[in-house]
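Descriptive structure summary
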Amino acid sequence: MAAMFNLHEQLISLQEGEIEIQSTFSFDGIDNAIAKRTINSITDKLVVNGENINDAETFNIHADALDRYALLFQWTIELAESTASQTRSAGGGSTQAKNRKRRANGTGTASTSSTVAEVVPGWKDKILELYIVLQQLLQMPLGRIWNSVPERDTFIGVFTRLAHKTMENPAYVKDNDFQLALFNVLCVWQQSYNGVYGLVTMVTQNLQHYEHLCECMAALVQLAYEQYGGTQLSDEILRDIAGKSFSSVHDKAGAKNTARFLVHLSQLAPKALLRQMGLLIRHLDSEAHIMRSAMADVIGHLTLYLASQEEQTEITKNQIGEYFDIIEQRFQDAHYLVRAKVLQVCQFVCSGPAKFPKRRPKLISLIIGRLEDKATNVRKHAIRALTIMLETHPFSLDGAELRIANLERSLEKINGELEEIASTTANQTKEPSASPQPEKADNIAEEAANSDEDDTAAGSRHEFDNVGLSPETAAKAMHLQFQQRYYRDALFFVYQQQEAQPLLLQLLGSTNKGEVMEAMDFFVTAVRFRVDGAQEGIRRMSHLIWTPPTGNSGAGDGSAEEARGVRTKLLESYMQLYLTPSEHFSAAENTSRITRNLISLTFGATLADLTSLEELIRTLMADGKISTAVIDKLRYVYGYSKRRLPPAQRRGAIIILGMLAQARRSIVTDDIDLYLKIGLGSYGHEDLVVAKYTCMVLQCLGGSRSRRPGAALGLEEVEIKRLPMSNPIFDGLQRILEEPRRDPEWFPAAEQALNAIYALAEKPDALAVRIVRAQAQLVQGLLKASKDNAANEDTSMDVDDEGPSQDLSTPKLVDPWDLSRLVFIVGHLAIKEIVLLESVEAELKRRKNEEEPKHGASASDEDDELNQIAGTTEDEIGDIISAIRERELLFGNRSILALLGPLVVHVCRNLGKFNDRLLTVHATAALAKLMCVSSAFCEENLPLLLTLLQRAKSPTIRANVSIALGDITVCFNNLIGENVHYLYGPLHDSDTRVKKTTLMVLTHLILNGMVKVKGQLGEIAKCLEDKDSRVADMARLFFSELSTKDNAVYNNLPDIISSLSVGTAAVNEESFARIMKFLFDFIKKDRQTDNVVEKLCQRFRNTTDTRQCRDIAYCMTLLPFKSERSLRRLMDGLPSYQDKLADDAVYKLFADIATKVKGLA
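Attention here is on the structure that accompanies the text. (Residues numbered from 1 in each chain as written. Predicted model: local features only at pLDDT ≥ 70, side-chain atom pairs only at ≥ 80, totals over all residues. Heavy atoms only, no water.)

1. Describing the pattern of salt bridges
Selection rule: For this document, the term salt bridge refers to a Lys or Arg side-chain nitrogen within 4 Å of an Asp or Glu carboxyl oxygen. Segments assigned H or I by DSSP are reported as helices when at least four residues long, segments assigned E as strands when at least two residues long, and all are numbered from the N terminus. For every residue, the accessible area obtained with a 1.4 Å probe (protein chains only) is divided by the maximum for its type, and the residue is called buried under 20%, exposed over 50%, and partly exposed between those limits.
Scanning all chains against the criterion turns up 43 salt bridges. A salt bridge links Glu211 to Lys256, with the nearest nitrogen and oxygen atoms 3.4 Å apart. Here Glu211, found in the loop between helix 9 (196-209) and helix 10 (214-227), pairs with Lys256, found in helix 12 (residues 252-268); they are 45 residues apart in sequence, far enough to count as distant. Close ionic contact of Asp333 with Arg330 constitutes a salt bridge, the shortest N to O distance being 2.8 Å. Across the pair, Arg330 and Asp333 agree in class, each one buried. Within the structure, one salt-bridge network assembled from shared partners comprises Glu211, Glu215, Lys256 and Arg260.

2. Concerning empty space enclosed by the protein
The following threshold applies: Here a cavity denotes grid points, spaced 1 Å and computed from the protein atoms alone, that fit a 1.4 Å probe unable to get out, and a pocket denotes an open set having protein on both sides within 12 Å along at least 5 of 7 lines; residues with an atom within 4 Å of a point are the lining. Grid points are joined across faces, edges and corners, and a volume is the space filled by probe spheres set on the points. Classification convention: Asp, Glu, Lys, Arg as charged; Ala, Val, Leu, Ile, Met, Phe, Trp, Tyr, Cys, Pro as nonpolar; all other residues, Gly among them, as polar.
One pass over the full model with this rule turns up six cavities of 30 Å³ or more. Lining the second largest cavity we find Gln535, Ile538, Arg539, Ser542, Tyr574, Leu601, Asp609 and Leu613. Grouping the amino acids of the lining of the second largest cavity by side-chain chemistry returns four nonpolar, two polar and two charged.

3. Here we look at the packing of aromatic side chains
Two measures describe an aromatic ring pair: the distance that separates the ring centres and the angle between the ring planes. As a reminder of what qualifies: Note on ring pairs: Phe, Tyr and Trp rings are taken, using the six-membered ring of Trp, and paired if centres are within 6.5 Å. Classes follow the plane angle, with under 30 degrees stacked, over 60 edge-to-face and the rest tilted. A ring is scored as having a charge over it whenever the NZ atom of a lysine or the CZ atom of an arginine sits within 6 Å of its centre and within 35 degrees of its normal.
Enumeration over the complete set of coordinates arrives at 17 aromatic pairs. Plain terms: the ring middles of Phe522 and Phe523 are 5.4 Å apart, the flat faces sit at 80 degrees to each other, and that makes the pair edge-to-face. For Phe522, a relative accessible area of 0% gives the class buried. Residues Tyr1137 and Phe1150 carry aromatic rings whose centres are separated by 4.5 Å and whose planes lie at 20 degrees to one another, so their mutual orientation is stacked. One end of the pair, Tyr1137, is in helix 56 (residues 1134-1137); the other, Phe1150, is in helix 57 (residues 1144-1160), with 13 residues separating them in the sequence. Both residues of the pair, Tyr1137 and Phe1150, belong to the buried class. One aromatic cluster is present, built from ring pairs that chain together Phe395, Tyr486, Tyr487 and Phe493. Across from the ring centre of Tyr683, 4.4 Å away, lies the NZ or CZ of Arg650, which sits over that ring. Arg821 extends its terminal NZ or CZ atom over the ring of Trp746, reaching a point 4.2 Å from the ring centre.

4. Re the nonpolar core
Stated formally: Take the buried Ala, Val, Leu, Ile, Met, Phe, Trp, Tyr and Cys residues and link them wherever side-chain atoms come within 4.5 Å; each set so joined is a nonpolar core. Residue ranges for the domains trace back to a domain assignment, done automatically or taken from a database. In this analysis, two residues are considered to be in contact whenever any of their non-hydrogen atoms come within 4.5 Å of each other.
The biggest cluster of nonpolar side chains holds 324 residues, and the ones touching the most others in it are Tyr131, Phe261 and Phe1039. Ranked by residues supplied to this core, first place goes to helix 23 (residues 471-507) with 14 residues. Among the domains, domain 1 (40-83 + 119-164) and domain 2 (194-330) are the pair contributing at least three residues each to this core. In this structure, Phe261 is in contact with Leu207, Cys214, Met217, Ala218, Val221, Ile237, Leu238 and Ile241, ignoring residues within four places of it in sequence.

5. Some words on the packing of helix 18 (residues 360-370) against helix 19 (residues 376-391)
Basically, it comes down to this: To get an axis, a line is fitted to the C-alpha atoms, and for a helix only the part in contact is used. The angle between two axes follows their N-to-C directions and goes from 0 to 180 degrees. Throughout, a crossing is termed right-handed when the near helix is turned clockwise from the far one, and left-handed when it is turned anticlockwise from it by less than a right angle.
At a minimum axis separation of 8 Å, helix 18 and helix 19 run at an interaxial angle of 150 degrees. Handedness of the helix 18/helix 19 crossing: left-handed. In contact with Arg360, Leu363, Ile364, Ile367, Ile368 and Arg370 of helix 18, helix 19 contributes Val378, Arg379, Ala382, Ala385, Leu386 and Met389. Class assignment of the residues belonging to the contact of helix 18 with helix 19 gives a composition of nine nonpolar, no polar and three charged.

Note that every value here comes from positions in space, so none of it alone points to a role or purpose.
Okay, structure coming up:
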């Protein structure tokens, strides 16, 4: 019978469609239960017949049956899969549309990934059982069944081909049991029936064509290598891969699949890969970056494998060293994805059980260098690698803390002990082996950098001659030497971390949110390990609370979710560091600890730090993250009076209480007497800083501050109820304003006291006038003198003289301190009167709007026409308030400001005579505030203010005047319009503070549309090359924001080029090139490029200056020339610049343009 049935011929006939099986039936229209029962019966027969071949005598009987069942098996599967495919195709357009939609979205699998198992339940289980039985069959001596090898191979080939075809469908290989059954059959085939080369071909083809089989093939090779002695299989596959050349352009899929296979195999069977690494290493120079990336990943996994071996032979150590050398070399790879992968390799290698202390210093240095990489992905992984290096550092002797002072103290102690041992040694050398000098950072760094060879070699410089030493002393000396080396390495590690911190502080301001969050993780980890300088990073992190809800992440994935992620990460970081209770302490101890943490956040904080910290604390308080016990403890510290408390503690307590009060008003109202007793009592008079912050806390009684965009919810929205003038709060505030003590902190305290008065009092102006009159009594002699001299004073301004000293030959009319206090109060009173008038106007309009519904739901047409002619009540209210502000505050007969305004002007006109720095600063600030009240007063004194800006020697005065001009621009834009160039003048000031302040003012005015740019952007562009990095960074931020405002950079680009290239104020060519390179990055639209090309060509026609021609040609090279239209305009403009090509520099630049265009063609 076996001779009559030829399996090979039948398979060919089946393939050609010539075979007919009489029992063929259609699955169409048949119930699933019937189909299941039919197919189950077929597979059951195969299973039963397979199980009955254990007896060798029955082999010949079953040979023909096995061949027939093999044919039936192949026919059944092919028919079932074909029928299932037809069933799916007939499933309707809706299902196909859904599948197409899933494929387009990258979710789910294609319809072709479905199997017959979806049509016939239980199909996969039966096929699985069959392959399990087939595995048992293949383990028997099949040569006794078939007389020839081809017949046997034909039988086996049926199942291996079907296995290959089955693996092409992802739905099958996702089942681990099914996958294992298939792999076992294939492994037995390659082990017992010379199937190695067939399986090699199968694996390589699968890697070439099927992405989902990359990891599966690695698992197959692992199974064959570890359980079936498949050394030859893995060797042949890896040799085949090593002999291939991959291109990054023509064979992306093959390179990607092979890379995934190698990486997964290095995780599953690293020993198999080690055998062929000598050949595979050539892919480190592959053209395809994905292969270089994969090889770096493979080397990382092999390094971990070698380091985990119990027996560390010299060969193993050398191999690990070679792999580290390769990793270090790959830091310089040309492709950013490879550099990022190398950093990831460093992360998981150093996270393993082996610490590699000798290689870490070099790796950390390389990682720090990548913090300045141009690719955001590389920088992000560099930060993460540095964080992991810190988390897994090997220096854990002193509780894993890395304070430099503690490490240096321990090192000095060990050095002293070594010196003592050396001095008692009879055979000590002329120079003691122990280092007698305290270690400096440079010495330690140099020694650590040269200590990568061997512990013995490194330690030999400090070894003692054991001659003359007792065994105990020699053992102690060796132990001390090890400790000495430990602390040296620890110090060098900390110095490396500190070296990275300035770069990480910059990355906290990155536009890429991933980088920002990684930098936050680093600083949180650094604080946890007590690394010096990390606290500055935590302080800078607080500014991230203002992260806008939308923004650019730098990599194109910016979104509101990322912005919220930064805020959430920030809040979690502060919670983790400062507000999380420790399980090792009691509830009371945790409360004290959290209180100390919160107070410590205020130590050394700047105004910007405190502003950001306030928003952060307020958000945490609004979210219920700060307990009532902590608030009570802060009150206790603030009101502590049993013994003298350090000033910083009480100040910190009231600052934090003020921040918490922004979210919960009851923090102030529940214990108002405490604030009156401490802040406005004797403690406040002793420490005016405490008084200042107490006044800020009391302002919360007046209701909520205006909510800022993106800010957390502030105080509860409550109706402002002003307090009667008899309230004791105002007596305390008045005492602070009349405090006679000479303390520079009086001025900020007085400012907040006036703010509190105007926020809370029913009649704040009445109390303010009393305070001003009381202060004016001290300077009434000067008031009389100013009136006598008003008629014959010289209108020219005396230039102020820098310094606090006074001309003793000039009669001293009044104490400058008292006069400074008076002009300060007058100036701030003017600002608060403006705010008061605006609040009165808003209140009157609110009441008017509330009364309107009571007089009728609608007005008649006649009333509407009357309102259009005569104006509405709201218009009348606005006119009345404006008239009071314009004519009454500074010119009214009953106004105290009208009396003291001329005094302020007199002081500002005679700064040289009033030769006191404090007085001149506050007088100019007061003048600026008074000018914001009335346009008439402003117009009269604007020349004086501009003269102060140009001639004042004090940088503080010039900076204040620059801010004042910005305020005047907002209040009276028409007055500053003709003098707008004065706004840009301080950008060239010699003092950095003045430049920075001016740039901030201009940024605010321009970006908010308060000033129209008329060719002055070139002055701001020059700030891009400022020596001070803060000014340059602010200028970059300005242009980045300006680029989002209706093509503002593009529209002003010609004027910027003229300003930077022409005239005496032109910058040098190197600076011009850097500035233009930055600005031209904002020219992205094709139409903009076309127009810029045309305008630059016209400039060639209008100039003969060689320098300007070079600058214009350089600007040409910065354009992308992506469109044919821009290239055509360049060619059409040839008559404009053809004569300029005689200059070698211009010709070279145009040659660069031609090269760029050819590359894009």
